[in-house]
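Survey of secondary and tertiary structure
So you can see what is in the structure, the chains are spelled out below.
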Amino acid sequence: MEPRKYPHGVKLGIDVGLVRVGLASCDPDGILATPVKTLSRDAKRNSDIKVVVKEVQARAAVEVFVGLPRTLRGEEKASAEMARSYAALLVEALAGAGQQVPVRLIDERLTTVSAHHALHAAGLGSREHRKVVDQVAAVGILQQALDMQKARNATVGELVRAEDRGTQAGAGRSDTEEGSAISSPTPASSPGGCDHE
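Residues numbered from 1 in each chain as written. Predicted model: local features only at pLDDT ≥ 70, side-chain atom pairs only at ≥ 80, totals over all residues. Heavy atoms only, no water.

**A short note on empty space enclosed by the protein**
Spelled out, the test is: We place a 1 Å grid over just the protein atoms. Points where a 1.4 Å probe fits but has no way out form a cavity, open points with protein on both sides within 12 Å along at least 5 of 7 lines form a pocket, and any residue with an atom within 4 Å of a point lines it. Grid points are joined across faces, edges and corners, and a volume is the space filled by probe spheres set on the points. What counts as a helix is a DSSP run of H or I of at least four residues, what counts as a strand is a run of E of at least two, and both are numbered from the N terminus. Residues are grouped as follows: nonpolar covers Ala, Val, Leu, Ile, Met, Phe, Trp, Tyr, Cys and Pro; charged covers Asp, Glu, Lys and Arg; every other residue, Gly included, is treated as polar.
Within the structure shown, the criterion is met by two cavities of 30 Å³ or more. Lining the largest cavity, in full, are Arg4, Tyr6, Pro7, His8, Gly9, Lys11, Pro28, Asp29, Gly30, Leu146, Gln149 and Lys150. Residue contributions to the lining of the largest cavity peak at three residues, all from helix H4 (residues 126-152). By residue class, the composition of the lining of the largest cavity is four nonpolar, four polar and four charged.

**Observations concerning helix H1 (residues 47-59)**
To be explicit about the condition: Multiplying 1.5 Å by the residue count of a helix minus one yields the expected span of that helix. Type-normalised accessible area, obtained with a 1.4 Å probe on protein chains alone, sets the label of each residue: buried when under 20%, exposed when over 50%, and partly exposed for intermediate values. By arc we mean the arc of the directions from the helix axis to the C-beta atoms, nothing more.
With 13 residues, H1 extends 18 Å from end C-alpha to end C-alpha; this agrees with the ideal 18 Å at 1.5 Å per step. What H1 keeps buried is the set Asp48, Ile49, Val52, Val53, Glu55 and Val56. Across the axial projection of H1, the buried residues extend over an arc of 155°, all falling on one side. Among the exposed residues of H1, those pointing more than 90 degrees away from its buried face are Lys50, Lys54 and Ala58.

**Describing helix H2 (residues 78-96)**
Applicable threshold: In what follows, a contact means two residues having at least one pair of non-hydrogen atoms within 4.5 Å.
With 19 residues, H2 should reach 27 Å at 1.5 Å per residue; the first-to-last C-alpha distance of 27 Å fits that figure. Among all positions in H2, only Ser79, Ala80, Met82, Ala83, Arg84, Tyr86, Ala87, Ala88, Leu89, Leu90, Val91 and Leu94 are buried. Buried residues along H2 sit against strand S1 (11-16), strand S2 (20-26), H1, strand S4 (63-68), strand S5 (103-107) and strand S6 (158-159). Just downstream of H2, Gly98 is the residue with a positive phi angle, here 75°.

**Quick word on the pattern of salt bridges**
Our working definition: The working definition used for a salt bridge is a side-chain nitrogen of Lys or Arg within 4 Å of a carboxyl oxygen of Asp or Glu.
Inspection of the entire model under this criterion finds 13 salt bridges. Between Asp42 and Arg45 there is a salt bridge whose closest N-O contact spans 3.5 Å. Residue classification places Arg45 among the exposed positions, given a relative accessible area of 64%. Overlapping salt bridges bring together Arg70, Glu76, Arg84, Asp107 and Glu158 as one network.

**Description of the pairing of S5**
To keep things clear, this is the line we draw: Paired strands are those between which DSSP finds at least two bridges. A crossover gets the label right-handed when its path from the first strand over the helix to the second runs clockwise, viewed with the strands pointing away from the viewer.
For S5, the tally of buried residues reaches five of five residues, placing the bulk of the element in the interior. Both faces of S5 are covered, namely the face carrying Val103, Leu105 and Asp107 and the face carrying Arg104 and Ile106. With five bridges connecting them, S4 and S5 associate as parallel partners. Within S5, the residue paired with Leu68 across the bridge is Asp107. Note on the crossover from S4 through H2 to S5: the handedness is right-handed.

**A word on the side chain of Glu63**
Just so we agree on the cut-off: Polar contact is defined as a pair of N or O atoms within 3.5 Å, subject to the rule that within protein one atom must be able to donate a hydrogen and the other to accept it, and that residues adjacent in sequence are counted only when both atoms are side-chain atoms.
Mapped onto the secondary structure, Glu63 falls in strand S4. For Glu63, the side chain forms a polar contact with the side chain of Gln149, separated by 3.1 Å.

**Considerations on the side chain of Lys11**
Looking at where Lys11 falls in the secondary structure, it is placed in strand S1. Engagement of the side chain of Lys11 in a polar contact is seen with the backbone oxygen of Pro7, the distance being 2.7 Å. Separated by 2.7 Å, the side chains of Lys11 and Gln149 make a polar contact.

Everything listed here is a matter of geometry and, on its own, says nothing about what the molecule does.
Below is the structure:
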């Protein structure tokens, strides 16, 4: 059997929105992603980022995946810029806490849409959706990353560096290993990437 060429251990997945941030985690063997919590986005004090750093420390996480919402055409708009900025802030906060844990962006074109569909199919109303949809989307982001790592036997996603925070969307990228997205089922009613709350 070929040796594993990607990190072994607990990993976190993050779905970033304007209002809320979903957080998911997986077991050390990277088999199953599960929801952790939904945080209120605090763009002024970044208290949500501090909570993520504590989760990384408490779980001894070896990698963090942040969803990068692109349109169906692969374009990056405001929500993608927000995810890039959030990921760079997280890198800085982790470094400040003495945690050298890689943060990687992973294409998540349809995870939030899929999360809404799954919750609707489970019989939850739209009010209940808001409480958990970010966690479900974070689970989708993390599970996609885990599955891609196993399929390719390689680290996946785009490595984020702290200096990436000030760059334009699409500029300053480094270590892009993702290649292409694993497509989710495409809902007919979804014309493009969804704007996150």
